[in-house]
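Structural overview
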Amino acid sequence: MSRIIVGILAHVDAGKTTLSEALLYQTGSIRKIGRVDKKDTFLDTDVQERARGITIFSKQAELAFQDLEITLLDTPGHVDFSAEMERTLQVLDYAILVISGSDGVQGHTNTLWKLLEKYRIPVFLFINKMDQPGTDKETILAQLKERLSDGCIDFEAEDTEKFYEDLAVTEETMLESFLEEGKIAGRDIQKAIKRRKVFPCYFGSALKLDGVEAFLQGIYQYTEEKEYPDSFGARIYKISRDDQGNRLTHMKITGGSLKVKDLLKGRDWEEKVNQIRIYSGEKYKTSPVVKAGEVCAVCGLTMTKAGEGLGIEEKKNTPLLEPVFTYCILLPEGCDASQMLPKIRQLEEEDPQLHIHWNEDLGEIQAQMMGEVQIEILQNLIEERFGVKVAFDEGNIVYKETISDRVEGVGHYEPLRHYAEVHLILEPLEEGSGLVFETTCSEDKLNRNWQRLILTHLMEKEHRGVLMGAPITDMKITLASGRAHQKHTEGGDFRQATYRAVRQGLRKAQSVLLEPWYDFRIELPKSCVGRAMSDVEKMKGTFALEYEEDQSQEGEEYSIITGSAPVYEMRGYAGEIRAYTKGLGRFFCTLSGYRPCHNEEEILSVHVYDPEADLDNPTSSVFCAHGAGFVVNWDQVEDYMHLESVLKAEKKTEENKIVVSRDKTEERWIGEDEVEAIIQQTFYANQQKGEKKRQYKKSRSREYEFSGTTYYSSTQAGAYREKSKEKKEEYLLVDGYNIIFAWEELSKLAQENIDSARDKLMDLLCNYQGIRRCNLIVVFDAYRVKGHDTETLNYHNIHVVYTKEAETADAYIEKFAHENGKKYQITVATSDRLEQMIITGAGCQLLSAREFKEEVEKEEQKLREEILEQQKSRRKDGQTIEDAVTSEKIHEFYQQVNQEET
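Because the structure is a prediction, the values reported are computed rather than measured. (Residues numbered from 1 in each chain as written. Predicted model: local features only at pLDDT ≥ 70, side-chain atom pairs only at ≥ 80, totals over all residues. Heavy atoms only, no water.)

When helices and strands are counted, the chain shows 29 helices and 43 strands. Here the chain, with 902 residues, has 48% of them falling under the buried criterion. Long-range contacts, defined here as pairs at least 24 residues apart, represent 69% of the contacts in the chain between residues at least 6 apart. Looking at the chain as shown, the accessible area adds up to about 46,000 Å², and 46% of this sits on carbon and sulfur atoms. (Helix = DSSP H or I, 4+ residues; strand = E, 2+ residues; numbered from the N terminus. Buried < 20%, exposed > 50% of the residue type's maximum accessible area, 1.4 Å probe, protein only. Contact = heavy atoms within 4.5 Å. Areas by Shrake-Rupley, 256 points an atom, 1.4 Å probe, with all protein chains shown as cover.)

Time to look at the environment of Leu-9. When you line up the elements, Leu-9 lands in strand 1 (residues 2-10). Along the primary structure Leu-9 and Leu-125 are separated by 116 residues, whereas in three dimensions their C-alpha atoms are 9.8 Å apart. If we ignore the near neighbours within four places in the chain, the residues touching Leu-9 are Lys-16, Thr-75, Met-85, Leu-89, Ala-95, Ile-96, Leu-97, Val-98, Leu-112 and Leu-116.

Taking strand neighbours across the sheet as the criterion, the six strands line up as 40-41-39-38-42-43 in an open arrangement whose pairing is mixed. Edge positions in the sheet fall to strand 40 (791-795) and strand 43 (845-847), since each of these pairs with one other strand and no more. Mean inter-strand twist for the sheet, computed between neighbouring axes without regard to direction, equals 25°. Here strand 38 (residues 730-735) pairs with strand 42 (residues 825-829) via five bridges, running parallel. Bridge assignment links Leu-732 to a residue of strand 42, and that residue is Thr-827. Packed on one face of the sheet, helix 24 (residues 754-772) meets strand 38, strand 39 (775-780), strand 40 and strand 41 (798-802) and runs near 165° to strand 39. Most of the contacts of helix 26 (residues 833-841) go to strand 43, to which it runs at about 155°, and overall it touches strand 38, strand 42 and strand 43. (Pairing = 2+ DSSP bridges. Axes fitted to C-alpha atoms, helices over the stretch in contact; angles between N-to-C directions.)

On inspection of all chains with the given rule, the structure shows 22 aromatic pairs. Aromatic ring contacts, followed pair by pair, group Phe-126, Phe-155, Phe-163, Tyr-164, Tyr-202, Phe-215 and Tyr-222 into a single cluster. In this structure, Lys-400 packs its charged tip against the face of Tyr-594, placed 4.9 Å from the ring centre. (Phe/Tyr/Trp six-rings, centres within 6.5 Å; stacked < 30°, edge-to-face > 60°. Lys NZ or Arg CZ within 6 Å of the ring centre and 35° of its normal.)

With 12 residues, helix 25 (residues 809-820) should reach 16 Å at 1.5 Å per residue; the first-to-last C-alpha distance of 16 Å fits that figure. Of all the positions in helix 25, only Ala-809, Tyr-812, Ile-813, Phe-816, Ala-817 and Asn-820 are classed as buried. Seen along its axis, helix 25 keeps its buried residues to an arc of 130°; they face one direction. At its buried positions, helix 25 is contacted by strand 38, strand 39, strand 41, strand 42 and helix 26. (Expected span 1.5 Å × (residues − 1). Arc of directions from axis to C-beta.)

Attention now moves to a nonpolar patch on the surface. Nonpolar side chains collect at one region of the surface, where Leu-834, Met-837 and Ile-838 lie side by side and expose about 330 Å² of accessible area between them. Locating Leu-834 in the fold gives a position in helix 26. Classification of Leu-834 by relative accessible area gives exposed; the value is 57%. (Patch = residues over 30% accessible without salt bridge, like charges linked within 9 Å, V, L, I, M, F, W, Y side chains within 5 Å. Salt bridge = Lys/Arg side-chain N within 4 Å of Asp/Glu carboxyl O.)

Right, let's talk about the confidence of the model for the chain for a bit. Across the chain, the average pLDDT comes to 81, with 82% of residues at or above 70. Mean pLDDT per element in the chain: strand 35 (residues 704-707) is the minimum at 36, and strand 24 (residues 407-413) is the maximum at 96. Contacts of residues 550-555 to residues separated by more than four positions or lying in other chains number six contacts, the stretch itself having pLDDT below 50. The model gives residues 682-725 a pLDDT under 50, and that stretch makes 72 contacts with residues more than four places away or in other chains. (pLDDT = per-residue confidence, 0-100.)

Turning to the sheet that holds strand 17 (residues 309-311), a few remarks are in order. Spatially, six strands are ordered 14-13-16-9-8-17 in an open sheet, and the strand pairing comes out antiparallel. Looking at strand neighbours, the two that pair on one side only are strand 14 (283-286) and strand 17, the edges of this open sheet. Ignoring which end each strand starts from, the neighbouring axes of this sheet average 40° apart. Of the pairings in the sheet, the one linking strand 8 (residues 233-241) to strand 17 comprises three bridges and is antiparallel in character. Counterpart to Gly-233 in the pairing with strand 17 is Gly-311.

Turning our attention to the side chain of Glu-271. By the element assignment, Glu-271 lies in strand 12 (residues 270-272). The buried charged residue Glu-271 lacks any salt bridge partner; its closest oppositely charged side chain belongs to Arg-247, at an N-O distance of 6.1 Å. Within polar-contact distance, the side chain of Glu-271 engages the side chain of Thr-302 at 2.3 Å. When sequence neighbours within four positions are dropped, the list of residues in contact with Glu-271 reads Asp-262, Leu-263, Leu-264, Gly-300, Leu-301, Thr-302 and Met-303. (Lys, Arg positive; Asp, Glu negative; His and termini not counted. Polar contact = N/O pair within 3.5 Å; in protein donor to acceptor, adjacent residues only side chain to side chain.)

Right, let's get into the packing of helix 12 (residues 448-460) against helix 13 (residues 491-508). Interaxial distance between helix 12 and helix 13 falls to 9 Å at its minimum, and their mutual angle equals 55°. By the angle between their directions, the pair helix 12 and helix 13 is classed as oblique. Of the two possible hands of crossing, helix 12 and helix 13 adopt the one that is right-handed. Judged by residue contacts, Trp-450, Leu-453, Ile-454, His-457, Leu-458 and Glu-460 of helix 12 engage Gly-491, Phe-494, Arg-495, Thr-498, Tyr-499 and Val-502 from helix 13. Across the contact of helix 12 with helix 13, the residue classes break down as seven nonpolar, three polar and two charged. (Parallel < 35°, antiparallel > 145°, perpendicular 65-115°, else oblique. Left-handed = near helix turned anticlockwise from the far one by under 90°. Nonpolar A, V, L, I, M, F, W, Y, C, P; charged D, E, K, R; others polar.)

Here's what the structure looks like:
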């Protein structure tokens, strides 16, 4: 038998629980259909669920239809419990979206549709309550196509020409099949549903079992079992407790299998599975093993979290829906807050949308929640489980902060025998982006393990802003530079430096206060439209009159207004609508995201926050002098920091580019080589090759001389002059392997060991650069290394480049010369004739391998003479000073000089 996991979702009061009962009854899983009004439904087992007639907690039921096993997950429909629903989406193969035929597509329905789209879940739609008066199938279907997707198709008209026509327009492959054969195969329809191109729609009444059989048949016919890998993986979607207080971890196995007594590992925990339960309603059966594609509840795990992935499911999906209100939990007299806090945190484990915070300064427990219904449920849960009757204050809005400019944050932590420095780039992102962390720091500056540790510290904490201490969001934080001490640095040092770097950057930046906004939909009598529009304008919101309904309800024509407005202004507005419409108006709202606060000054005047007084989130850094640490304020950190500012270095580079780009007007004399090229291309262009040689033949000598770091031809020295406003920066590019195989000594060494030859060349170039003080880049081919990307590293005082796959050293040098030939004074050392021609065309100077070798040897000889002049001739172990001064000694000497300069 095949198996699928199906979730059932709906706007509140659409009949979702009733449909679940009908599916269970139709498949023989239950003998009697329960009813919400009679409080005897199979899945709504909690006391509060039955009392209120709504689903609060997701439940599991097992049912079978023909040879298809279905795990049905019932989810809450009320907006206050959306997080419970969203976590369930992560484990679904298919979803059933229930829509009320009398109400149509409502506000929360759109939210559900967006979430289903985000998680790429195929959807079957059941339009319920079609037995009620005033419902029209064609009107509802048109609304589904307009508000949800053109792929919403009536599957009750199956095997008709119109049915195939509607399918054909959704996908090109089905259109071809329809044009060729006049119909579309069931397998093609099944694939289109899986790809979310088609959304089957069924109509009926769950209470009367009308259309339920056809709906089950459609699910059986057009779904397919998912394939899973052999490696173990699991997705945790819920934490709960049974009647005995045992902690249950609800999960879907997404790969391999899970057995009792298996050892499971998380990021920072390792625990053993004691028991595996398969639930169906309140009852369960134990199982020794569960395979991929099954949902179970596991006992014995105490550190798991809802939304966590295990095994191959390591990446954690953060819920889109977040609480927007924060309340203070008011405990009764005589109740110790320190004892209640760990108990309430148990409820936080079960509902991650409930954020519990302990305010040390005020000595109170604070909770972030979605709204009033969730408050009532939480009150009852606390009283039911812990026997304490709590109350809540009026509550406040959950604000957030971001920045509007790009800044560099520096954190330094250096008490005695500790050391860490971190440089972070903070820059704003688009609304709704959240926090993004990455690194661009070179491993030459900071080891990869330290970089990973810094990123971990960035992600492990909820960082606070500096306006009112609200969490930060919509920001990209990049690790740009850092430094560790080989002896004194410990892991905790980078934690301190990272936190301080974030805070110092926020202090430097222009911070922006963000507030939550609602997307709303108001349905009300036409006579009340003016009042509603006026109210929205006063709330600083935006709106549009979407359309007017021709139908009349209770003698009134209805209009629909949609728009968005700040949550701060819309609190309690649903009650106002009911009042001025005399109960005829309806108000729906969903959280649309965070936007700049419309009354920032007013909010900040009420929520006074001093970032310097927040000892848990310091903005200063700690430096060390004379064996003792001292604190440096955030605005003076850059005067003490040990590393160069990354942004200032970028700015300096940009300024240099601007100066070079402006310096384009140069007086230039044409050299003899260029005169020869022009004559060859013009005067003798139409003559034969041999005739050209007879008519114009000129021998040229190319004896190069070295002046500073500029190489030029002696035949051009008097004819070629450049007058520029500023001396150009000098670069020497060396074709690594070309030079190795051109120099006899290195060529012989390369035949034995190419790595030794490469290291030998780099040592010689380090000595040479130490003398000439130019920017020296040696380029080696790595184009045959599969998957290799361009790698640049510093070898002492020179730069070494290994080219990427499919790129030769010639190509890299030519590209560098073409892009930078006008900006810098570039000389290329190579004996490749084709490369020489291209380099010359880019305006660069040339040096052959032979000439370059002579130049290196000449400079080394000069160095020997300088050293010998500084010391008196004497014997050392039977050697003269001249014998002792080898190229290796020279290399060591200049390495010491470079280190001292650094």
